[in-house]
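Residue-level structure breakdown
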Amino acid sequence: MRDATTVQAERDAQVRRLREEYPVFRIEEAAADPGPGGVTLRFCFAAGPLRFRPSVQLTGLNPEEAARVTAPTARRIVRALAIVEAFSYWKALCSPVIEVAPPAPDAGELDWWRAFWPGAMGEFLYRNQIDYTTAGFLVIRGPVAAPEPLAGAAAGADGAPLVLFSGGKDSLALARIAAAARGAGPVDFFLYNPGARLRDMAGSLAAGGRVLEAQRVILPELLRLNAAGHPNGHTPFSAYLAFAAMLTGYLRGSGLTVAGNSRSDDEPNVPSYLGRPVNHQWTKSYEFETAIGGYRDRWLPGAPGYSSPLRPLYELQIIASLSGDVDAYLRTASCNRAPAGAWCRSCAKCAWVFLATAALFGHALAIRKIGADMFADPALAGVYQEMAGLTGTKPFECTGTEGEVRAAIRAAGRGRDPGAYPALAACLRDPAVAGARPLAALLAEWGHDKHVPAAFLGQVRKARAEAAARPAP
(Lines give C-alpha, C1' and ligand atoms only; values in the text may rest on other atoms or scores of the structure.)
Protein backbone atom coordinates (compact mmCIF):
# COMPACT_ATOMS: atom_id res chain seq x y z
CA MET A 1 0.00 0.00 0.00
CA ARG A 2 1.35 3.43 -0.93
CA ASP A 3 1.85 5.86 1.94
CA ALA A 4 0.50 9.41 1.97
CA THR A 5 3.88 10.88 1.01
CA THR A 6 4.05 8.76 -2.13
CA VAL A 7 0.47 9.60 -3.10
CA GLN A 8 1.13 13.32 -2.66
CA ALA A 9 4.35 13.15 -4.66
CA GLU A 10 2.44 11.50 -7.50
CA ARG A 11 -0.26 14.19 -7.34
CA ASP A 12 2.39 16.94 -7.38
CA ALA A 13 3.99 15.39 -10.44
CA GLN A 14 0.61 15.05 -12.16
CA VAL A 15 -0.24 18.72 -11.55
CA ARG A 16 3.15 19.81 -12.91
CA ARG A 17 2.65 17.68 -16.00
CA LEU A 18 -0.87 18.98 -16.61
CA ARG A 19 0.28 22.59 -16.25
CA GLU A 20 2.98 22.01 -18.83
CA GLU A 21 0.61 20.21 -21.21
CA TYR A 22 -2.22 22.76 -20.85
CA PRO A 23 -0.53 26.15 -20.24
CA VAL A 24 -3.58 28.24 -21.18
CA PHE A 25 -7.25 27.64 -20.40
CA ARG A 26 -9.27 29.87 -22.71
CA ILE A 27 -12.82 31.09 -22.26
CA GLU A 28 -13.47 31.36 -25.98
CA GLU A 29 -17.19 32.08 -25.91
CA ALA A 30 -19.76 33.44 -23.49
CA ALA A 31 -22.91 33.91 -25.56
CA ALA A 32 -26.62 34.26 -24.81
CA ASP A 33 -29.51 33.55 -27.16
CA PRO A 34 -32.99 34.86 -26.31
CA GLY A 35 -35.97 32.68 -27.20
CA PRO A 36 -39.73 32.56 -26.65
CA GLY A 37 -39.41 30.65 -23.36
CA GLY A 38 -36.27 32.20 -21.95
CA VAL A 39 -32.53 32.37 -22.63
CA THR A 40 -29.86 29.84 -23.60
CA LEU A 41 -26.34 30.56 -22.38
CA ARG A 42 -23.52 28.98 -24.37
CA PHE A 43 -19.93 28.74 -23.20
CA CYS A 44 -16.85 27.33 -24.90
CA PHE A 45 -13.68 26.52 -23.00
CA ALA A 46 -10.48 25.37 -24.68
CA ALA A 47 -7.20 23.96 -23.39
CA GLY A 48 -4.86 22.38 -25.90
CA PRO A 49 -6.94 19.92 -27.94
CA LEU A 50 -9.71 19.81 -25.32
CA ARG A 51 -13.00 21.63 -25.87
CA PHE A 52 -15.84 21.97 -23.37
CA ARG A 53 -19.15 23.48 -24.49
CA PRO A 54 -21.56 23.64 -21.53
CA SER A 55 -24.90 25.40 -21.84
CA VAL A 56 -27.48 26.72 -19.40
CA GLN A 57 -31.21 27.25 -19.89
CA LEU A 58 -32.98 30.09 -18.10
CA THR A 59 -36.74 29.57 -18.27
CA GLY A 60 -39.83 31.38 -17.06
CA LEU A 61 -38.97 34.68 -18.79
CA ASN A 62 -41.28 36.27 -21.32
CA PRO A 63 -39.89 37.26 -24.77
CA GLU A 64 -39.44 40.92 -23.85
CA GLU A 65 -37.46 39.97 -20.73
CA ALA A 66 -35.34 37.43 -22.60
CA ALA A 67 -34.48 40.06 -25.26
CA ARG A 68 -32.72 42.15 -22.59
CA VAL A 69 -29.88 39.63 -22.56
CA THR A 70 -28.24 41.57 -25.41
CA ALA A 71 -27.78 44.68 -23.18
CA PRO A 72 -24.20 45.45 -22.04
CA THR A 73 -24.91 44.72 -18.37
CA ALA A 74 -26.44 41.35 -19.21
CA ARG A 75 -23.45 40.49 -21.41
CA ARG A 76 -21.12 41.28 -18.54
CA ILE A 77 -23.07 39.05 -16.14
CA VAL A 78 -22.96 36.26 -18.75
CA ARG A 79 -19.19 36.66 -18.93
CA ALA A 80 -18.96 36.53 -15.12
CA LEU A 81 -20.96 33.30 -15.20
CA ALA A 82 -18.57 31.92 -17.81
CA ILE A 83 -15.59 32.65 -15.56
CA VAL A 84 -17.21 30.94 -12.56
CA GLU A 85 -18.29 28.00 -14.75
CA ALA A 86 -14.76 27.74 -16.13
CA PHE A 87 -13.36 26.79 -12.73
CA SER A 88 -15.39 23.54 -12.81
CA TYR A 89 -13.36 22.52 -15.88
CA TRP A 90 -10.08 24.32 -15.15
CA LYS A 91 -9.65 22.31 -11.94
CA ALA A 92 -9.03 19.13 -13.96
CA LEU A 93 -6.00 20.75 -15.62
CA CYS A 94 -4.77 23.52 -13.26
CA SER A 95 -3.53 25.60 -16.21
CA PRO A 96 -1.26 28.52 -15.23
CA VAL A 97 -3.35 30.98 -17.30
CA ILE A 98 -7.10 31.57 -17.67
CA GLU A 99 -7.70 33.79 -20.68
CA VAL A 100 -11.06 35.57 -20.85
CA ALA A 101 -12.82 36.23 -24.16
CA PRO A 102 -14.36 39.56 -25.18
CA PRO A 103 -16.10 41.71 -24.10
CA ALA A 104 -12.75 42.64 -22.59
CA PRO A 105 -12.58 43.11 -18.81
CA ASP A 106 -10.78 46.22 -17.63
CA ALA A 107 -7.77 46.00 -15.32
CA GLY A 108 -9.82 46.51 -12.17
CA GLU A 109 -12.23 43.73 -13.07
CA LEU A 110 -9.37 41.33 -13.72
CA ASP A 111 -7.96 42.25 -10.32
CA TRP A 112 -11.35 41.35 -8.79
CA TRP A 113 -11.20 37.87 -10.30
CA ARG A 114 -7.59 37.43 -9.17
CA ALA A 115 -8.73 38.18 -5.62
CA PHE A 116 -11.74 35.84 -6.01
CA TRP A 117 -10.16 32.53 -6.89
CA PRO A 118 -8.00 31.77 -3.79
CA GLY A 119 -11.06 31.81 -1.52
CA ALA A 120 -13.44 30.31 -4.06
CA MET A 121 -11.10 27.41 -4.87
CA GLY A 122 -9.62 27.09 -1.38
CA GLU A 123 -11.20 23.74 -0.55
CA PHE A 124 -10.13 22.23 -3.89
CA LEU A 125 -6.55 23.46 -3.39
CA TYR A 126 -6.44 22.24 0.21
CA ARG A 127 -7.88 18.80 -0.46
CA ASN A 128 -5.45 18.25 -3.32
CA GLN A 129 -2.62 19.84 -1.29
CA ILE A 130 -1.72 22.14 -4.18
CA ASP A 131 0.69 24.99 -3.44
CA TYR A 132 -1.13 27.90 -5.05
CA THR A 133 1.24 30.47 -3.53
CA THR A 134 4.06 29.78 -5.98
CA ALA A 135 4.78 32.69 -8.32
CA GLY A 136 2.56 32.61 -11.40
CA PHE A 137 0.39 29.74 -10.18
CA LEU A 138 -2.69 31.29 -11.83
CA VAL A 139 -2.87 34.39 -14.00
CA ILE A 140 -6.26 35.63 -15.22
CA ARG A 141 -5.93 37.87 -18.23
CA GLY A 142 -8.12 39.37 -20.92
CA PRO A 143 -7.62 40.12 -24.60
CA VAL A 144 -5.97 43.32 -25.74
CA ALA A 145 -9.03 45.37 -26.62
CA ALA A 146 -10.99 48.36 -25.41
CA PRO A 147 -13.51 47.40 -22.74
CA GLU A 148 -17.13 47.46 -23.82
CA PRO A 149 -18.88 50.68 -22.67
CA LEU A 150 -20.88 50.30 -19.50
CA ALA A 151 -23.70 52.54 -20.65
CA GLY A 152 -26.81 50.77 -21.83
CA ALA A 153 -30.48 50.29 -21.17
CA ALA A 154 -31.08 48.74 -17.79
CA ALA A 155 -33.98 46.57 -16.79
CA GLY A 156 -36.37 47.99 -14.24
CA ALA A 157 -35.12 47.82 -10.67
CA ASP A 158 -38.39 48.09 -8.77
CA GLY A 159 -39.92 44.69 -9.40
CA ALA A 160 -40.57 41.85 -6.95
CA PRO A 161 -37.52 40.45 -5.14
CA LEU A 162 -36.08 37.24 -6.58
CA VAL A 163 -35.57 34.60 -3.87
CA LEU A 164 -32.97 31.88 -4.42
CA PHE A 165 -34.92 28.81 -3.29
CA SER A 166 -33.45 25.34 -2.73
CA GLY A 167 -36.22 23.76 -0.66
CA GLY A 168 -34.06 23.69 2.47
CA LYS A 169 -34.66 25.22 5.89
CA ASP A 170 -32.80 28.47 5.17
CA SER A 171 -34.60 29.16 1.91
CA LEU A 172 -37.96 28.44 3.60
CA ALA A 173 -37.17 31.00 6.29
CA LEU A 174 -36.02 33.47 3.63
CA ALA A 175 -39.20 32.96 1.60
CA ARG A 176 -41.34 33.64 4.66
CA ILE A 177 -39.39 36.79 5.49
CA ALA A 178 -39.51 38.03 1.90
CA ALA A 179 -43.27 37.50 1.73
CA ALA A 180 -43.80 39.30 5.04
CA ALA A 181 -41.57 42.18 3.95
CA ARG A 182 -43.58 42.55 0.73
CA GLY A 183 -46.95 42.50 2.47
CA ALA A 184 -49.48 41.88 -0.29
CA GLY A 185 -46.86 42.16 -3.03
CA PRO A 186 -45.65 39.15 -5.04
CA VAL A 187 -42.32 37.37 -4.57
CA ASP A 188 -40.48 35.64 -7.42
CA PHE A 189 -38.47 32.42 -6.96
CA PHE A 190 -35.26 31.28 -8.64
CA LEU A 191 -34.76 27.49 -8.80
CA TYR A 192 -31.68 25.56 -9.90
CA ASN A 193 -32.18 22.17 -11.61
CA PRO A 194 -35.53 21.69 -9.85
CA GLY A 195 -37.54 18.51 -9.61
CA ALA A 196 -41.27 18.25 -9.05
CA ARG A 197 -40.94 18.53 -5.27
CA LEU A 198 -39.01 21.80 -5.42
CA ARG A 199 -41.36 23.28 -8.02
CA ASP A 200 -44.35 22.39 -5.87
CA MET A 201 -42.82 23.99 -2.78
CA ALA A 202 -41.91 27.18 -4.64
CA GLY A 203 -45.30 27.36 -6.32
CA SER A 204 -47.07 27.11 -2.98
CA LEU A 205 -45.03 30.02 -1.59
CA ALA A 206 -44.90 32.31 -4.64
CA ALA A 207 -48.30 33.90 -3.87
CA GLY A 208 -48.77 35.42 -7.29
CA GLY A 209 -45.07 35.76 -8.08
CA ARG A 210 -43.17 34.02 -10.85
CA VAL A 211 -41.04 30.88 -10.67
CA LEU A 212 -37.91 31.13 -12.83
CA GLU A 213 -35.45 28.30 -13.36
CA ALA A 214 -31.91 27.51 -14.41
CA GLN A 215 -31.10 24.10 -15.87
CA ARG A 216 -27.43 23.12 -16.05
CA VAL A 217 -25.48 19.88 -16.41
CA ILE A 218 -21.82 18.99 -16.03
CA LEU A 219 -20.47 17.70 -19.34
CA PRO A 220 -19.50 14.03 -19.73
CA GLU A 221 -16.10 15.15 -21.02
CA LEU A 222 -15.30 16.49 -17.55
CA LEU A 223 -16.69 13.41 -15.84
CA ARG A 224 -14.35 11.28 -17.94
CA LEU A 225 -11.37 13.35 -16.79
CA ASN A 226 -12.53 12.93 -13.19
CA ALA A 227 -12.80 9.18 -13.67
CA ALA A 228 -9.30 9.12 -15.17
CA GLY A 229 -7.88 10.62 -11.96
CA HIS A 230 -7.49 14.27 -12.87
CA PRO A 231 -7.63 16.72 -9.95
CA ASN A 232 -11.17 17.13 -8.69
CA GLY A 233 -13.01 18.85 -5.88
CA HIS A 234 -15.24 21.66 -4.70
CA THR A 235 -15.86 24.66 -6.96
CA PRO A 236 -17.64 28.00 -6.25
CA PHE A 237 -21.21 26.80 -6.76
CA SER A 238 -22.84 29.51 -4.64
CA ALA A 239 -21.07 32.20 -6.68
CA TYR A 240 -22.51 30.57 -9.80
CA LEU A 241 -26.00 30.75 -8.29
CA ALA A 242 -25.45 34.37 -7.28
CA PHE A 243 -24.50 35.51 -10.79
CA ALA A 244 -27.17 33.32 -12.44
CA ALA A 245 -29.84 34.82 -10.17
CA MET A 246 -28.54 38.34 -10.78
CA LEU A 247 -28.77 37.76 -14.54
CA THR A 248 -32.28 36.34 -14.23
CA GLY A 249 -33.29 39.19 -11.95
CA TYR A 250 -31.86 41.76 -14.34
CA LEU A 251 -33.85 40.32 -17.22
CA ARG A 252 -36.98 40.02 -15.10
CA GLY A 253 -36.66 43.53 -13.66
CA SER A 254 -36.24 42.39 -10.06
CA GLY A 255 -35.49 44.95 -7.40
CA LEU A 256 -33.28 42.55 -5.43
CA THR A 257 -31.91 39.02 -5.56
CA VAL A 258 -31.73 37.46 -2.11
CA ALA A 259 -30.11 34.27 -0.82
CA GLY A 260 -30.54 32.36 2.43
CA ASN A 261 -26.91 32.52 3.57
CA SER A 262 -26.30 32.93 7.29
CA ARG A 263 -23.76 33.96 9.89
CA SER A 264 -22.80 30.30 10.24
CA ASP A 265 -21.39 30.35 6.70
CA ASP A 266 -18.54 32.63 7.78
CA GLU A 267 -16.67 30.05 9.86
CA PRO A 268 -13.76 28.33 8.04
CA ASN A 269 -13.22 24.59 8.08
CA VAL A 270 -9.43 24.94 8.23
CA PRO A 271 -7.98 27.96 10.09
CA SER A 272 -5.07 28.30 7.69
CA TYR A 273 -3.67 26.59 4.61
CA LEU A 274 -0.61 28.32 3.15
CA GLY A 275 -1.58 31.47 4.99
CA ARG A 276 -5.30 31.61 4.16
CA PRO A 277 -8.38 30.09 5.87
CA VAL A 278 -10.25 27.40 3.95
CA ASN A 279 -14.03 27.70 4.02
CA HIS A 280 -16.29 25.22 2.24
CA GLN A 281 -18.92 27.96 2.22
CA TRP A 282 -16.70 30.91 1.23
CA THR A 283 -19.01 31.95 -1.62
CA LYS A 284 -21.81 32.14 0.96
CA SER A 285 -19.74 34.26 3.33
CA TYR A 286 -19.98 37.92 4.33
CA GLU A 287 -16.60 38.47 2.67
CA PHE A 288 -17.85 37.21 -0.68
CA GLU A 289 -21.17 39.03 -0.37
CA THR A 290 -19.26 42.28 0.18
CA ALA A 291 -17.05 41.53 -2.83
CA ILE A 292 -19.90 40.71 -5.23
CA GLY A 293 -21.73 43.82 -4.07
CA GLY A 294 -18.71 45.88 -5.07
CA TYR A 295 -18.53 44.06 -8.40
CA ARG A 296 -22.15 44.84 -9.14
CA ASP A 297 -21.79 48.49 -8.17
CA ARG A 298 -18.74 49.02 -10.37
CA TRP A 299 -19.33 46.84 -13.43
CA LEU A 300 -23.01 45.87 -13.57
CA PRO A 301 -25.10 49.05 -13.77
CA GLY A 302 -28.81 48.36 -13.49
CA ALA A 303 -28.33 44.84 -12.12
CA PRO A 304 -30.34 43.98 -9.00
CA GLY A 305 -28.51 43.98 -5.71
CA TYR A 306 -27.47 40.64 -4.22
CA SER A 307 -27.68 40.08 -0.48
CA SER A 308 -28.40 37.57 2.27
CA PRO A 309 -31.06 39.05 4.60
CA LEU A 310 -30.50 36.18 7.08
CA ARG A 311 -26.80 37.06 7.49
CA PRO A 312 -27.14 38.37 11.08
CA LEU A 313 -28.53 35.00 12.22
CA TYR A 314 -26.94 31.64 12.99
CA GLU A 315 -28.46 28.53 11.46
CA LEU A 316 -29.90 27.56 14.84
CA GLN A 317 -31.72 30.89 15.00
CA ILE A 318 -33.09 30.43 11.48
CA ILE A 319 -34.42 26.97 12.30
CA ALA A 320 -35.86 28.18 15.61
CA SER A 321 -37.66 30.99 13.80
CA LEU A 322 -39.70 28.34 11.97
CA SER A 323 -41.26 27.06 15.20
CA GLY A 324 -44.56 28.64 14.20
CA ASP A 325 -44.83 26.33 11.18
CA VAL A 326 -43.14 23.09 12.16
CA ASP A 327 -45.06 21.16 9.50
CA ALA A 328 -43.45 23.27 6.78
CA TYR A 329 -40.03 22.81 8.41
CA LEU A 330 -40.53 19.04 8.43
CA ARG A 331 -41.00 19.14 4.64
CA THR A 332 -37.64 20.81 4.04
CA ALA A 333 -34.67 18.64 3.05
CA SER A 334 -31.05 19.54 2.42
CA CYS A 335 -28.96 16.36 2.18
CA ASN A 336 -26.58 16.53 -0.80
CA ARG A 337 -26.15 12.76 -1.10
CA ALA A 338 -29.67 11.33 -1.00
CA PRO A 339 -32.37 11.78 -3.67
CA ALA A 340 -34.34 15.02 -3.46
CA GLY A 341 -36.44 15.14 -0.33
CA ALA A 342 -34.60 12.26 1.36
CA TRP A 343 -31.80 11.89 3.91
CA CYS A 344 -28.72 9.63 3.71
CA ARG A 345 -28.47 9.68 7.54
CA SER A 346 -24.69 9.29 7.43
CA CYS A 347 -23.25 12.66 6.30
CA ALA A 348 -22.40 15.66 8.45
CA LYS A 349 -25.28 17.68 7.02
CA CYS A 350 -27.85 15.07 8.07
CA ALA A 351 -26.15 14.79 11.46
CA TRP A 352 -26.34 18.56 11.89
CA VAL A 353 -30.01 18.86 10.93
CA PHE A 354 -30.91 16.01 13.30
CA LEU A 355 -28.96 17.63 16.14
CA ALA A 356 -30.40 21.10 15.56
CA THR A 357 -33.94 19.74 15.37
CA ALA A 358 -33.50 17.71 18.54
CA ALA A 359 -32.03 20.64 20.46
CA LEU A 360 -34.75 23.06 19.36
CA PHE A 361 -37.87 20.90 18.97
CA GLY A 362 -37.11 17.68 20.79
CA HIS A 363 -35.63 14.26 20.05
CA ALA A 364 -38.92 12.76 18.87
CA LEU A 365 -39.42 15.47 16.21
CA ALA A 366 -35.84 14.98 14.99
CA ILE A 367 -36.57 11.27 14.46
CA ARG A 368 -39.76 12.19 12.64
CA LYS A 369 -37.92 14.61 10.34
CA ILE A 370 -34.96 12.37 9.43
CA GLY A 371 -36.72 9.02 9.67
CA ALA A 372 -34.25 7.41 12.09
CA ASP A 373 -32.56 8.05 15.43
CA MET A 374 -29.14 9.35 14.47
CA PHE A 375 -28.13 9.76 18.12
CA ALA A 376 -28.36 5.97 18.45
CA ASP A 377 -25.70 5.36 15.78
CA PRO A 378 -22.21 5.09 17.36
CA ALA A 379 -20.66 5.34 13.87
CA LEU A 380 -21.56 9.05 13.91
CA ALA A 381 -19.59 9.81 17.08
CA GLY A 382 -16.57 11.01 15.09
CA VAL A 383 -18.72 13.21 12.87
CA TYR A 384 -20.20 15.00 15.87
CA GLN A 385 -16.77 15.43 17.48
CA GLU A 386 -15.42 16.97 14.27
CA MET A 387 -18.42 19.28 13.89
CA ALA A 388 -17.92 20.44 17.48
CA GLY A 389 -14.24 21.16 16.85
CA LEU A 390 -13.12 18.55 19.37
CA THR A 391 -11.12 16.39 16.96
CA GLY A 392 -9.92 16.46 13.36
CA THR A 393 -11.19 18.97 10.81
CA LYS A 394 -14.63 20.52 10.62
CA PRO A 395 -16.52 18.55 7.92
CA PHE A 396 -16.69 20.15 4.48
CA GLU A 397 -20.47 20.43 4.56
CA CYS A 398 -22.98 23.19 5.23
CA THR A 399 -23.38 22.89 9.00
CA GLY A 400 -23.55 25.15 12.02
CA THR A 401 -20.48 26.68 13.59
CA GLU A 402 -18.49 24.75 16.18
CA GLY A 403 -20.06 26.95 18.86
CA GLU A 404 -23.55 26.18 17.61
CA VAL A 405 -22.83 22.46 17.54
CA ARG A 406 -21.50 22.48 21.10
CA ALA A 407 -24.47 24.50 22.38
CA ALA A 408 -26.90 22.17 20.59
CA ILE A 409 -25.21 19.02 21.91
CA ARG A 410 -25.27 20.42 25.42
CA ALA A 411 -28.99 21.25 25.08
CA ALA A 412 -29.92 17.91 23.48
CA GLY A 413 -28.11 15.92 26.16
CA ARG A 414 -29.26 17.89 29.18
CA GLY A 415 -30.60 15.62 31.93
CA ARG A 416 -29.54 12.40 30.19
CA ASP A 417 -26.72 9.99 30.83
CA PRO A 418 -24.17 10.40 27.99
CA GLY A 419 -24.47 6.68 27.24
CA ALA A 420 -28.11 7.15 26.23
CA TYR A 421 -26.94 8.78 23.01
CA PRO A 422 -24.00 6.76 21.61
CA ALA A 423 -23.38 9.27 18.81
CA LEU A 424 -23.02 12.12 21.33
CA ALA A 425 -21.46 10.28 24.28
CA ALA A 426 -17.87 11.43 23.71
CA CYS A 427 -19.00 15.01 23.10
CA LEU A 428 -21.17 15.13 26.20
CA ARG A 429 -18.21 14.02 28.31
CA ASP A 430 -15.93 16.71 26.86
CA PRO A 431 -15.37 19.81 29.04
CA ALA A 432 -15.65 22.06 25.95
CA VAL A 433 -19.25 20.94 25.45
CA ALA A 434 -20.08 21.12 29.15
CA GLY A 435 -18.82 24.71 29.11
CA ALA A 436 -20.56 25.72 25.87
CA ARG A 437 -22.77 28.79 25.79
CA PRO A 438 -26.35 28.11 26.80
CA LEU A 439 -28.59 27.69 23.77
CA ALA A 440 -30.79 30.59 24.86
CA ALA A 441 -27.81 32.99 24.78
CA LEU A 442 -26.86 31.91 21.27
CA LEU A 443 -30.43 32.31 20.02
CA ALA A 444 -30.41 35.96 21.10
CA GLU A 445 -27.24 36.84 19.10
CA TRP A 446 -27.06 39.31 16.20
CA GLY A 447 -24.31 39.56 13.57
CA HIS A 448 -23.43 41.62 10.46
CA ASP A 449 -26.44 43.52 9.12
CA LYS A 450 -24.72 46.02 6.81
CA HIS A 451 -25.98 44.32 3.64
CA VAL A 452 -29.50 43.49 4.86
CA PRO A 453 -31.99 45.40 2.69
CA ALA A 454 -33.90 47.97 4.75
CA ALA A 455 -37.22 46.44 3.68
CA PHE A 456 -36.19 43.10 5.22
CA LEU A 457 -34.48 44.26 8.40
CA GLY A 458 -37.59 44.43 10.58
CA GLN A 459 -38.65 40.92 9.59
CA VAL A 460 -35.17 39.50 10.26
CA ARG A 461 -35.17 41.11 13.71
CA LYS A 462 -38.60 39.58 14.29
CA ALA A 463 -37.20 36.16 13.31
CA ARG A 464 -34.40 36.61 15.84
CA ALA A 465 -36.94 37.53 18.51
CA GLU A 466 -39.03 34.45 17.65
CA ALA A 467 -35.91 32.28 17.92
CA ALA A 468 -34.92 33.75 21.27
CA ALA A 469 -38.46 33.25 22.64
CA ARG A 470 -38.61 29.61 21.65
CA PRO A 471 -39.44 27.45 24.70
CA ALA A 472 -37.11 24.57 25.53
CA PRO A 473 -38.36 21.20 24.20
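Above this text you will find the structure in question.
In this report, we go over the structure that sits alongside the text. (Residues numbered from 1 in each chain as written. Predicted model: local features only at pLDDT ≥ 70, side-chain atom pairs only at ≥ 80, totals over all residues. Heavy atoms only, no water.)

1. Observations concerning unusual backbone geometry
The line we're drawing: In this description a helix means any DSSP run of H or I spanning at least four residues, a strand means any run of E spanning at least two, and both kinds are numbered starting from the N terminus. Per-residue accessibility, obtained with a 1.4 Å probe over protein chains only, is compared with the maximum for each type, and a residue is labelled buried under 20%, exposed over 50%, and partly exposed between these values.
Residues other than glycine seldom take positive phi values, yet Gln129 does so here, at roughly 50°. Looking at the element boundaries, Gln129 is found in the loop between helix 5 (122-127) and strand 6 (139-141). In this structure, Arg345 takes a positive phi of about 65° despite not being glycine. Within the fold, Arg345 resides in the loop between helix 12 (326-331) and helix 13 (348-361). The exposure class of Arg345 is partly exposed, given its relative accessible area of 35%.

2. A few points about the pairing of strand 9 (residues 211-216)
Going by this rule: At least two DSSP bridges between two strands are needed for those strands to be called paired. Crossover handedness is defined here as right-handed if the route from the first strand over the helix to the second strand goes clockwise, with the strands pointing away from the viewer.
Bridge count for strand 4 (residues 55-59) against strand 9 is 4 bridges, and the pairing is antiparallel. Each residue of the ladder has a partner; that of Leu58, found in strand 9, is Ala214. As paired strands, strand 8 (residues 188-192) and strand 9 are joined by 4 bridges and run parallel to one another. Within strand 9, the position partnered with Leu191 by the bridge is Glu213. Following the backbone out of strand 8, through helix 7 (residues 196-206) and into the adjacent parallel strand 9, one traces a crossover that is right-handed.

3. So, helix 1 (residues 4-21)
Spelled out, the test is: Multiplying 1.5 Å by the residue count of a helix minus one yields the expected span of that helix. What the arc covers is the set of directions going from the helix axis to the C-beta atoms.
Between the first and last C-alpha of helix 1 there are 26 Å, a value that for 18 residues agrees with the 26 Å anticipated at 1.5 Å per step. Taken residue by residue, helix 1 has Arg11, Gln14, Val15, Leu18 and Arg19 as its buried positions. Axial view of helix 1: buried residues confined to an arc of 130°, hence all on one face. For helix 1, the exposed residues set more than 90 degrees away from the buried face come down to Thr5, Arg16 and Glu20.

4. Remarks on the packing of helix 3 (residues 72-90) against helix 4 (residues 107-120)
Here is the rule: Fitted lines through C-alpha atoms serve as axes, helices being fitted only where they are in contact, and the angles separating the N-to-C directions of these axes extend from 0 to 180 degrees. Put simply, angles under 35 degrees are roughly parallel, angles over 145 are roughly antiparallel, angles from 65 to 115 are roughly perpendicular, and the rest are oblique. By the definition used in this description, the sense in which the near helix is turned from the far one sets the handedness, with an anticlockwise turn below a right angle giving left-handed and a clockwise turn giving right-handed. Whether two residues are in contact is decided by their heavy atoms: any pair within 4.5 Å suffices. Ten residue types, Ala, Val, Leu, Ile, Met, Phe, Trp, Tyr, Cys and Pro, are classed as nonpolar, four, Asp, Glu, Lys and Arg, as charged, and the remainder, Gly among them, as polar.
For the pair helix 3 and helix 4, interaxial distance at closest approach is 12 Å and the crossing angle is 30°. Judged by the angle between their axes, helix 3 and helix 4 are roughly parallel. Here helix 3 and helix 4 pass one another in a crossing that is right-handed. Residues Arg76, Arg79, Ala80, Ile83, Val84 and Phe87 of helix 3 form the contact with helix 4, whose own contacting residues are Glu109, Trp113, Phe116 and Trp117. Looking at the contact of helix 3 with helix 4 residue by residue, the classes come out as 7 nonpolar, no polar and 3 charged.

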